[in-house]
Amino acid sequence: MSAQIEIDNQTIPFTAGQTIMQAAAAAGIYIPHLCHHPDLPAHGSCKLCTVSVNGRNMASCTTPAEAGQQIGNQTPALQSLRLRLIQMLFIEGNHLCPTCEKSGHCRLQATAYDLGMLDSHFPHFYRQHGVDSSHPDLLLDRNRCIYCSLCVRASRDLDGKGCFVMSGRGINKSLAINSPSGQLGDSAISANDRAVSICPTGALLPKQQGFTTPIGKRHFDTHLIRDEV
Amino acid sequence: MSNLDFIATTIDGFHHNPKNLLQILITIQAHLHQIDDVAVAAVASALHLSPNQVVAVIDFYSFLHRHHRGRYEILISDSITDRMLGNQALLQQFCQRLQITPETPRSDLQVSIAPTSCSGFCDEGPAVLINGVALSQLTGERVATICDFIEANTPMDAWPDSLFEHREQIHQRGLLLNLPAPQGEVLNPFFTENQDHCDETAATATIAQLERAALRGRGGAGFHTALKWRLCREAVIARQQQGEHSRAVVICNADEGEPGTFKDRILLVHQAEALIEGMTLCAATVGAEEGFIYLRGEYRYLLPQLTQLLEKRRQAGLLGRQIKGKTFSFDITIHLGAGAYICGEESALIESLEGKQGIPRIRPPFPVSRGYLGQPTVVDNVETFIAAAAIAIKGDAWFNAVGTEKSRGSKLLSISGDCSLPGVYEFPFGITVTEVLRAAGADEKLLGVQVGGPSGTFITPDEFLRTIAFEDLSTGGSFIIFNEKRNLFEIVQNFTHFFAHESCGFCTPCRVGTTLLQRQFDKICDGHGNHDDLTTLQEIAQICKSASHCGLGQTAANPILTTLQRFPVSYQHQLCTNAFEPCFNLDFSLAVTRQLSQRDDADAHLSQQGGASA
Ligand SMILES: Cc1cc2nc3c(=O)[nH]c(=O)nc-3n(C[C@H](O)[C@H](O)[C@H](O)COP(=O)(O)O)c2cc1C
Ligand code: SF4
Ligand code: FES
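Because the structure is a prediction, the values reported are computed rather than measured.

In terms of helices and strands, chain A carries six helices and 10 strands. What you see for chain A is a C-alpha radius of gyration of 18 Å, in line with the 17 Å of a compact globule of 229 residues. Dimensions of chain A, computed from the C-alpha atoms along their principal axes, are close to 55 × 40 × 35 Å. A total of 229 residues make up chain A; the buried ones form 55% of that total. Residue pairs at least 24 apart in sequence account for 64% of intrachain contacts in chain A once pairs closer than 6 positions are excluded. Total accessible area on chain A is roughly 9900 Å²; 52% of this is exposed by carbon and sulfur atoms. Of note, chain A has its 19 positive side-chain charges centred 4 Å away from the centre of its 18 negative side-chain charges.

This is how it looks when you write it as structure tokens:
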């Protein structure tokens, strides 16, 4: 058997060392994801990319493709699992889309649309999270953080700065900043760092601008996230 | 010595190695009762870390704190068995005598008290940790004595020895507990007369022997030990063939965090030599020079005697450089945990050994190919290493003769709860639950038994002919007995809270799911759950189970799922009949207001319609 896997009955090739997510992306197949980014090593924490591999649920962004795997992706069971997972992210934080500058450009929101999310299903946690506005050009709103660690990895691996660290345990997890004061203002971050643009939600935003694109013309008003494989 | 001098000396003692960050922080916490910003800054700059990297580690472990804890820090073990033995009354007694409230240090910082996850003394509870040292068999009288010592500021060294004695009850010995302490004999086949280094054929023979003995891991997962050691050995050889300097690492998992388990502690007391021998055998087999014992923080009282034993074996030429005068070197370092159940998961344990937060790694790669510092690593349970040493000494046929077809040898059980003879028992695999109960003197009518701890299964009397074996009731050793007067919901609630507290928070289904489970279950317990709430509970349980990153999240819903299956009627009775029940409890939400207004009269309470307890 050559290097092929089957996703929802479609046979696709893969090269040695590729994960299922990478093989799927190369073949133009969308698997929902939030903590995965092609420029960074896999993390495997959001679990939105869960697929069934020979009947077992696995995170596709961390599971190596192996010849002959029978993979379920857009199955009703997996789509409803993903819907519940993204609802968990929504109720854990405080995501008030209508007042968020990232609305329409937000990958969390766009993925939720893709999964057909109409309500939050679970009771909200209503936890209090701080906002850090100490930086002249950037705002960190922890209410919108989904703990994907993309900024942690991008700042470390792409910007070479290591401005962030995930701190705490369990439900008390929080994004911490590597700076003498623990605030963004005296960290090494700057507004055009990858760490900023990679944030899938409105947690890390540039200041001095907002709502620049009218509703109807925003990125995800005109694109579907599933088309951005 | 000033605090900063103490910190500097501690860091020197740990060779300025960031891998020792957790050990450094544990030492500072023990001495200064906190790791404040000044300490964080000092540690960070000495180890070339950023302050928040240090804070991230502190905030991960339950036993480390950025704010001052009492100079006498009391942690009261809150396992279900401690509760059954009356720990809540003792907690109240502590609070009254010492004028403190849980979680808040007294204003003079003399003392603080807080609950902690199961401390591993279930057969002789209730237990507490005071400044990290375990005290068991607590009674009202003992609490009074302890409070007096604390108020008099008597150093713990001056407290009577009797306060620190543990019964360490063994009621039945078998293959492992009867083994005389080995003195290096497992290494004999590795060194023939005129050969100076480890014999290759002895390594393959050891693996073949373990395979014939069919030894499977005793930590819960039951992985075949021979296969693990072989994969590790092959990974080392493969790397060496590519010109890499590769050495394996041997790690003993003595984190024993599963509530209800304490058999590893007993083994560390009575069979530590066999453990070290088993680890040395593993090192000779897989090609390791470095070994670790990851000892759960709750067992810190064992540290002096274990350290002494390692030293004794070094003196005897059985450990350290040039073992038995040959070129084989292998040494063992003991690392302490700091209150994190997740660090029992092998890849989280390795992260923790590297001085980091205990977050399970992505697998593959598995530890056998990339473990500690990227080197091929064997992680085995205490009992597994002892069994390996026993097999090397007594032979595979001796071991193989005991047990069942698929589960060879014996299993140590930690038995606690409603029985007259709680303690450690070594039984042949295949023993029925009924036989175990008889041995432990559990002759009341029972509600059931929790086998394998919260992550295992709750079984009812009609299942008592089931057997302790990998093919039936697989267990790391926890065996908690409940008589029929026990409240099922209190049991499940204790376990469900445990998992929410111990989730590492890395992945969504477990981080959010275990907290949702806790809230949803509490709502039902409080009599405010209706039929839909039960459906939601089951749904969350399935999400945790099917989408979590590691065993913790995958089993966190087991207490709910296994009891729901067996007690559907009890769950139905616990529900209220309302079509809708809000997820918040009105009366509970007013608690803060009542506190502020210092009122607790009837008018300061709101009743909620429909709830079973309203
Ligand atoms: C959440 C969690 C906690 C664990 N705790 C322990 C433990 O305390 N002791 C242990 O030996 N294994 C524990 N394990 C199992 C280990 O990951 C690993 O399988 C075991 O140490 C391997 O040793 P063995 O093959 O000798 O059993 C735990 C696993 C999980 C998922
Ligand atoms: S399942 Fe729980 S403990 Fe395991 S990685 Fe996920 S959050 Fe951490
Ligand atoms: S994208 Fe795979 S776990 Fe987040």
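Bringing the site of ligand 2 into the picture now. Around ligand 2, the surrounding shell holds 13 residues, and the nearest of these are Cys-504, Phe-506, Cys-507, Cys-510 and Cys-550 of chain B. Of the residues assigned to the shell around ligand 2, the class counts are eight nonpolar, five polar and no charged.

Moving on to the sheet that holds strand 3 (residues 128–130) of chain B. Residues and elements named next belong to chain B. Ordered by their spatial adjacency, four strands build an open sheet running 2-1-3-4, and the pairing between neighbours is mixed. A single partner strand is all that each edge strand has here, and the edge strands are strand 2 (111–116) and strand 4 (133–135). Averaged over neighbouring strand pairs, the angle between their axes works out to 25 degrees when direction is ignored. Set on the sheet, helix 6 (residues 87–98) makes contact with strand 1 (72–77), strand 2 and strand 3; between it and strand 1 the angle comes to about 160 degrees. Across the sheet, helix 7 (residues 140–151) lies against strand 1, strand 2, strand 3 and strand 4, angled at about 160 degrees from strand 1, the strand it touches most.

All right, on to the environment of Ile-480 of chain B then. Residues and elements named next belong to chain B. As for its placement among the helices and strands, Ile-480 is situated in strand 14 (residues 478–483). In the structure, Ile-480 is positioned 22 residues away from Phe-458 in sequence and 9.3 Å away in space, judged by C-alpha atoms. Once you skip the residues sitting within four places of it in the chain, Ile-480 turns out to touch Ile-80, Thr-81, Pro-259, Gly-260, Ser-416, Gly-417, Gly-448, Val-449, Gln-450 and Phe-495.

This part is about the nonpolar core. Counting residues in hydrophobic clusters, the biggest one holds 124 residues, and the most contacted among them are Tyr-61 and Trp-229 of chain B. Ranked by residues supplied to this core, first place goes to helix 11 (residues 272–286) of chain B with 10 residues. Setting aside residues up to four positions removed in sequence, Tyr-61 of chain B forms contacts with Arg-169 of chain A together with Leu-22, Tyr-294, Ala-338, Gly-339, Ala-340, Cys-343, Ser-352, Lys-356, Gln-357 and Gly-358 of chain B. Grouped together as the second largest cluster of nonpolar side chains are 76 residues, Leu-40 and Val-152 of chain A together with Met-84 and Leu-561 of chain B included.

In this section: the interface of chain A and chain B. Each partner contributes to the interface: chain A provides 34 residues, whereas chain B provides 39 residues. Summed over the three residues of chain A that lose the most area to chain B, namely Met-88, Phe-125 and Arg-169 of chain A, the buried surface amounts to 24% of that side. At the surface where chain A touches chain B, the tally comes to three salt bridges. When the shortest N-O distance is used, the salt bridge between Glu-502 of chain B and Arg-169 of chain A registers 3.3 Å. Remark: the boundary between chain A and chain B carries 18 residue pairs in polar contact (both at pLDDT 80 or more). Put simply, the parts of the chain that give the side of chain A that touches chain B at least two residues each are helix 2 (76–92), strand 8 (164–167) and strand 9 (174–177) of chain A. No other element matches the seven residues that helix 2 of chain A contributes to the side of chain A that touches chain B. The residue makeup of the side of chain A that touches chain B, split by class, is 18 nonpolar, 11 polar and five charged.

This paragraph deals with the state of the cysteines. Residue and element names in this part refer to chain A. Applying the stated criterion across every chain yields a total of zero disulfides over all chains. Lacking any disulfide linkage, Cys-97 is separated from the closest cysteine sulfur, that of Cys-106, by 6.4 Å. Residue Cys-97 is classed as partly exposed on the basis of its relative accessible area, which comes to 23%. The structure places no disulfide on Cys-163, whose sulfur is separated from the nearest cysteine sulfur, that of Cys-151, by 9.3 Å.

A separate point is the site of ligand 1. Residues and elements named next belong to chain B. Surrounding ligand 1, one finds 18 residues, the nearest of these being Gly-219, Lys-228, Asp-380, Asn-381 and Thr-384. The separation between a nitrogen atom of ligand 1 and a polar main-chain atom of Gly-344 is 3.2 Å. Here Asp-380 contributes a side-chain N or O atom positioned 2.9 Å from an oxygen atom of ligand 1. In isolation ligand 1 offers 610 Å² of accessible surface; the protein chains occlude 88% of this area. Going through the elements one at a time, strand 9 (377–381) and helix 20 (551–555) are the ones with two or more residues in the shell around ligand 1. Looking at the shell around ligand 1 element by element, the count peaks at three residues for strand 9. The residue makeup of the shell around ligand 1, split by class, is three nonpolar, eight polar and seven charged.

Before going further, it helps to examine the confidence of the model for chain B. Summary statistics for chain B give a mean pLDDT of 95 and a share of 99% for residues scoring 70 or more. Predicted confidence for residues 610–614 of chain B stays below pLDDT 50, and this span has 14 contacts to residues more than four positions away or in other chains.

Glancing now at helix 2 of chain A. Taking 1.5 Å of rise per residue, 17 residues should cover 24 Å, and helix 2 of chain A covers 24 Å from first to last C-alpha, within 8% of that figure. Within helix 2 of chain A, 14 of the 17 residues are buried, which leaves it mostly tucked inside the rest of the structure.

Residues and elements named next belong to chain B. Remark: helix 2 (residues 21–32) packs on helix 4 (residues 51–60), axes separated minimally by 11 Å, with the N-to-C direction vectors making an angle of 70 degrees. As the angle between them shows, helix 2 and helix 4 are arranged roughly perpendicular. For the pair helix 2 and helix 4, the sense of crossing is right-handed. On helix 4, the residues touching Leu-21, Leu-22 and Leu-25 of helix 2 are Val-54, Val-57 and Ile-58.

Moving on: the pattern of salt bridges. Per the counting criterion, the structure on display carries 47 salt bridges over all chains. One salt bridge in this structure joins Arg-144 of chain A and Glu-101 of chain A, with 3.7 Å as the shortest N-O distance. Taken together, the residues span a long stretch of sequence, with Arg-144 of chain A in the loop between strand 7 (138–141) and helix 4 (150–158) and Glu-101 of chain A in the loop between helix 2 and helix 3 (107–114) at a distance of 43 residues. What makes Arg-144 of chain A buried here is its relative accessible area of 11%. For Glu-101 of chain A, a relative accessible area of 26% corresponds to the partly exposed category. Here Arg-106 of chain B makes a salt bridge to Glu-151 of chain B, at a shortest N to O gap of 2.8 Å. Here Arg-106 of chain B is found in the loop between helix 6 and strand 2, whereas its partner Glu-151 of chain B is found in helix 7, with 45 residues between them in sequence. Arg-106 of chain B gets classed as buried once you look at its relative accessible area, which sits at 14%. Bridged by salt links that share partners, the residues Lys-263, Asp-264, Glu-383 and Lys-411 of chain B form one connected network.

Residues and elements named next belong to chain B. Running from N to C, helix 11 and helix 12 (residues 303–315) point in directions that differ by 55 degrees, and their axes come no closer than 11 Å. One finds that helix 11 runs oblique with respect to helix 12. Note on packing geometry: the crossing formed by helix 11 with helix 12 is right-handed. For the pair helix 11 and helix 12, the contacting residues are Ala-272, Glu-273, Ile-276 and Glu-277 in the first and Leu-306, Leu-309, Leu-310, Lys-312 and Arg-313 in the second. When its residues are assigned to classes, the contact of helix 11 with helix 12 shows five nonpolar, no polar and four charged.

Okay, the domain arrangement of chain A next. Quite often, the size of an interface is put as the accessible area lost when its parts meet. Residue and element names in this part refer to chain A. Taken domain by domain, chain A comprises domain 1 (4–74) and domain 2 (84–218). The C-alpha centroid of domain 2 is placed 25 Å from the C-alpha centroid of domain 1. At the interface, 15 residues of domain 1 touch 20 residues of domain 2. For the pairing of domain 1 and domain 2, the buried interface totals around 1300 Å² over both sides, and the portion due to carbon and sulfur atoms is 66%. Together, Leu-34, Leu-40 and Leu-48 form the three largest contributors to the area buried by domain 1 at its contact with domain 2, with a combined 43%. Viewed at the interface, domain 2 and domain 1 are joined by one salt bridge. Here Asp-39 ties to Arg-194 by a salt bridge, and the two come within 2.9 Å at their closest N and O atoms. Connecting domain 1 to domain 2 are four residue pairs in polar contact (both at pLDDT 80 or more). Residues belonging to the side of domain 1 that touches domain 2 are distributed by class as follows: nine nonpolar, four polar and two charged.

Analysis parameters
In this convention, every chain numbers its residues from 1, walking through the sequence in written order. All chains are assigned letters beginning with A, and all ligands numbers beginning with 1, in the order in which they are written. Whole-chain, interface and lining totals are the exception, using all residues; otherwise, since this is a predicted model, local features are given only for residues with pLDDT of at least 70 and side-chain atom pairs are given and counted only at 80 or more. Think of the side-chain values as coming from all heavy atoms in the structure, minus any hydrogens and water. Secondary structure elements are defined from DSSP: runs of H or I of at least 4 residues count as helices, runs of E of at least 2 residues count as strands, and each element is numbered from the N terminus. Each radius of gyration reported is based on C-alpha atoms, and the globular scaling rule is 2.2 Å times the count of residues to the power 0.38. Only protein chains enter the accessibility calculation, which uses a 1.4 Å probe; a residue is then buried when its area is under 20% of its type maximum, exposed when over 50%, and partly exposed in between. We call two residues in contact when some of their heavy atoms are within 4.5 Å. Using the Shrake-Rupley algorithm and a 1.4 Å probe, accessible areas are obtained, with residue cover drawn only from the displayed protein chains. Positive: Lys, Arg. Negative: Asp, Glu. His and the chain ends are not part of the count. All charge positions are set by atom: Lys at NZ, Arg at CZ, Asp at CG, Glu at CD. Any residue with a heavy atom lying within 4 Å of a molecule or strand is counted as near it. Only Asp, Glu, Lys and Arg are considered charged in this grouping, and only Ala, Val, Leu, Ile, Met, Phe, Trp, Tyr, Cys and Pro are considered nonpolar; every other residue, Gly among them, is considered polar. We treat two strands as partners when DSSP finds at least two bridges between them. Inter-axis angles, ranging from 0 to 180 degrees, are taken between N-to-C directions of lines fitted to C-alpha atoms, where helices are fitted over the stretch in contact. Take the buried residues of types Ala, Val, Leu, Ile, Met, Phe, Trp, Tyr and Cys, join any two whose side-chain atoms come within 4.5 Å, and each joined set is a nonpolar core. Summed over both partners, the accessible surface that disappears when two parts come together, traced with a 1.4 Å probe, is what is meant by buried area. We define a salt bridge as a side-chain nitrogen of Lys or Arg found within 4 Å of a carboxyl oxygen belonging to Asp or Glu. Between N or O atoms, a polar contact is any pair within 3.5 Å; within protein, one atom must be a potential hydrogen donor and the other a potential acceptor, and residues adjacent in sequence are included only when both atoms are from side chains. Only a pair of cysteine sulfur atoms within 2.5 Å counts as a disulfide in this structure description. The pLDDT score gives, residue by residue, the confidence of the prediction method on a 0 to 100 scale. The span expected for a helix works out to 1.5 Å for each residue beyond the first. Relative orientations are named as follows: roughly parallel for angles under 35 degrees, roughly antiparallel for angles over 145 degrees, roughly perpendicular for angles from 65 to 115 degrees, and oblique for any other angle. Whether a crossing is left-handed or right-handed is set by the direction in which the near helix is turned from the far one by less than a right angle, anticlockwise for left-handed and clockwise for right-handed. Note: domain ranges come from an automatic or database domain assignment.

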